[in-house]
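Summary of the model geometry
So you can see what is in the structure, the chains are spelled out below.
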Amino acid sequence: MQLSTGQIGLWTASLLGQLYLVYLIARNRIWEDLPVFSWYFIINLFNGLLIAATYIYWGTQATQSWSTFWALEGVTIFLRTMVSVEIWRKTLKPYPGIWALAWRLLAAVGMLGLLVAYVQVYKQHPTFRNFMFSAKPHLEFASAITLIVFLLFCRYYTVSLEPALKAITIGICFYSALQGLNATIVNHWSSVYVPVWRYMIVLSFGCTMVIWWRGLRVPLPATERPVLYPPEFYPKYSLQVNEKLRRLNEQLEGFLKP
Amino acid sequence: MTDTIIYVSLAVVLLLILLMIARGRRQTSEPATHLLPIEELFPRHAWHFAQIRQMISEADLRFLAKRASPECCRRVQKERAQIIRKYVKGLREDFERLERLGRTVAALSPKVSHGMELERLWLSLRFRFVARLLWVRMELGVSYARPLEQLTKMIAGLASETDALLAGIDNLSAQTQDMI
């Protein structure tokens with residue numbers, strides 16, 4: 001089966017959108033600040049071209065097209081994870097205290113996601129060829145949840161995210177959540193859903209690109225390093241603040257006692 | 001099928017949270033490189049303690065019941081309840097301000113205690129939950145005069161302690177800036 005005219009049109013539009021983003025990355029020198037993201041985007045662009053070529057050459061139902069698509073999906077998911085790590089480091093590394101907390105928290109959430117993915121995939125006994133097909137929804141959800149935790153963490157500690165970094169994070173998270181949903185549905189109703197599934201991949205990536213365009217319109221500002229307090233500062237004052245909060249809580253809870 | 005429903009629900013929840021984060025309160029454009037001005041962190045509502053204590057005194061109500069018509073008493077009660085609700089909301093703001101102070105200190109410290117951070121998060125979740133529960137009780141007309149008086153006294157006490165704490169932080173901040 002060959003690609004429909006609609007699908008070819010959508011792929012062409014997506015390709016043009018990706019080229020525009022490559023132009024923004026080059027013009028605003030984003031690659032200097034975010035090398036992993038820039039590499040991810042360029043590799044993703046070539047992956048898209050490669051998949052399009054396999055569909056045109058072998059058709060969408062061929063085994064070769066299937067294998068190529070899922071092998072490249074594995075590469076893309078791995079690179080997307082690396083982009084997330086790059087953004088976490090860039091945002092939180094200047095705050096060494098909470099960075100030590102954040103990376104442990106994010107690693108724990110990510111590992112838990114991988115564990116759930118492993119258990120779920122193991123239950124399905126997939127063949128080697130179908131491994132990525134079965135693993136994809138779980139990996140995408142693990143990625144989206146980790147990014148949500150990161151965004152909530154930044155919000156909790158009022159760490160400001162640069163608009164470009166926020167846009168990339170929200171874009172990846174949005175795409176991962178939609179892909180998780182898309183992959184879940186295709187896993188269960190593959191025969192009827194496959195054509196919609198293909199449209200959904202390109203459309204959700206298109207929406208993600210719009211989010212990225214907005215964030216990457218301007219170059220990243222120079223990172224302002226925060227002025228940190230001396231090490232003895234935290235134990236002294238945090239203890240006092242927590243003590244006050246604890247007393248306030250006890251008092252408030254006293255209201256509810258008869 | 002159950003798995004599919006769980007995963008579809010999870011995707012919807014994730015997208016909703018993401019939408020809330022993206023659309024919600026804009027983060028300050030200024031990064032958390034310093035503390036807020038001291039006056040921004042100081043508990044403000046506790047200062048109105050004296051007026052509120054006067055307002056919630058049972059003697060005052062008894063006096064009013066003797067002198068005014070029942071309708072007037074009801075109106076006064078209603079207005080008092082409204083003011084007290086606002087006051088409790090204000091106390092919650094005081095709590096949040098104090099909590100924010102703790103988070104900012106953590107963000108700007110080279111090393112933090114994971115236990116203390118978790119404790120603060122837990123205290124904050126608990127406070128919000130109990131405050132919401134209290135709110136419901138007030139809406140249901142449960143008496144609040146005595147416990148509120150206790151809370152207000154305590155916040156007033158906290159206000160003076162916080163003043164000393166913030167003065168110390170301010171002093172240390174100034175010393176840190178001087179060193180740079």
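Presented here is an overview of the structure given in this document. Not measured: the values here are computed from a predicted model.

Looking now at the nonpolar core. A general tendency of soluble globular proteins is for nonpolar side chains to be buried together. Residue and element names in this part refer to chain A. Membership of the largest hydrophobic core comes to 88 residues, with the highest contact counts inside it found for F37, L92, I98, F150, I168, W212 and L216. Of all the elements, helix 7 (residues 163-188) adds the most residues to this core, at 13 residues. Sequence-distant contacts of I168, defined by excluding residues within four places in its chain, comprise L34, F37, V83, I87, W212 and L216.

All names here are of chain A. For R29, which is not a glycine, the phi torsion comes out positive at approximately 50°. Checked against the element boundaries, R29 lands in the loop between helix 1 (5-27) and helix 2 (30-33). Phi at T158 is positive, roughly 45°, even though this residue is not glycine. Looking at the element boundaries, T158 is found in the loop between helix 6 (131-156) and helix 7.

The end-to-end C-alpha distance of helix 7 of chain A, which contains 26 residues, comes to 38 Å, matching closely the 38 Å that a straight helix rising 1.5 Å per residue would cover. Counting buried positions along helix 7 of chain A gives 23 out of 26 residues, so the element sits mostly inside the fold.

For the rest of this paragraph, the subject is helix 1 (residues 2-23) of chain B. In a regular helix each residue adds 1.5 Å, so 22 residues correspond to 32 Å; helix 1 of chain B covers 31 Å between its end C-alpha atoms and thus fits that length. Along helix 1 of chain B, the positions that sit buried rather than exposed are T4, Y7, A11, L14, L18 and I21 of chain B. Projected down its long axis, helix 1 of chain B carries its buried residues within an arc of 120°, all on one side. Residues T2, L16, M20 and R23 of chain B are exposed on helix 1 of chain B and point more than 90 degrees away from its buried face. Where helix 1 of chain B is buried, its residues meet helix 5 (96-124), helix 6 and helix 7 of chain A.

Helices that pack against each other are described as a pair by the angle of their axes relative to one another and the distance between those axes. Residue and element names in this part refer to chain B. Their axes nearest at 11 Å, the elements helix 5 (residues 70-107) and helix 6 (residues 114-139) cross at an angle of 175°. Relative to helix 6, helix 5 is oriented roughly antiparallel. Listed contacts from helix 6 to I84, R85, V88, R92, F95, E96, E99, G102, R103 and A106 of helix 5 are E117, R120, L123, S124, F127, R128, A131, R132, W135, M138 and E139. The residue inventory of the contact of helix 5 with helix 6, partitioned by class, reads 9 nonpolar, 2 polar and 10 charged.

Rules and cut-offs
Residues numbered from 1 in each chain as written. Chains lettered and ligands numbered in written order. Predicted model: local features only at pLDDT ≥ 70, side-chain atom pairs only at ≥ 80, totals over all residues. Heavy atoms only, no water. Core = buried A, V, L, I, M, F, W, Y, C linked by side-chain atoms within 4.5 Å. Buried < 20%, exposed > 50% of the residue type's maximum accessible area, 1.4 Å probe, protein only. Helix = DSSP H or I, 4+ residues; strand = E, 2+ residues; numbered from the N terminus. Contact = heavy atoms within 4.5 Å. Expected span 1.5 Å × (residues − 1). Arc of directions from axis to C-beta. Axes fitted to C-alpha atoms, helices over the stretch in contact; angles between N-to-C directions. Parallel < 35°, antiparallel > 145°, perpendicular 65-115°, else oblique. Nonpolar A, V, L, I, M, F, W, Y, C, P; charged D, E, K, R; others polar.

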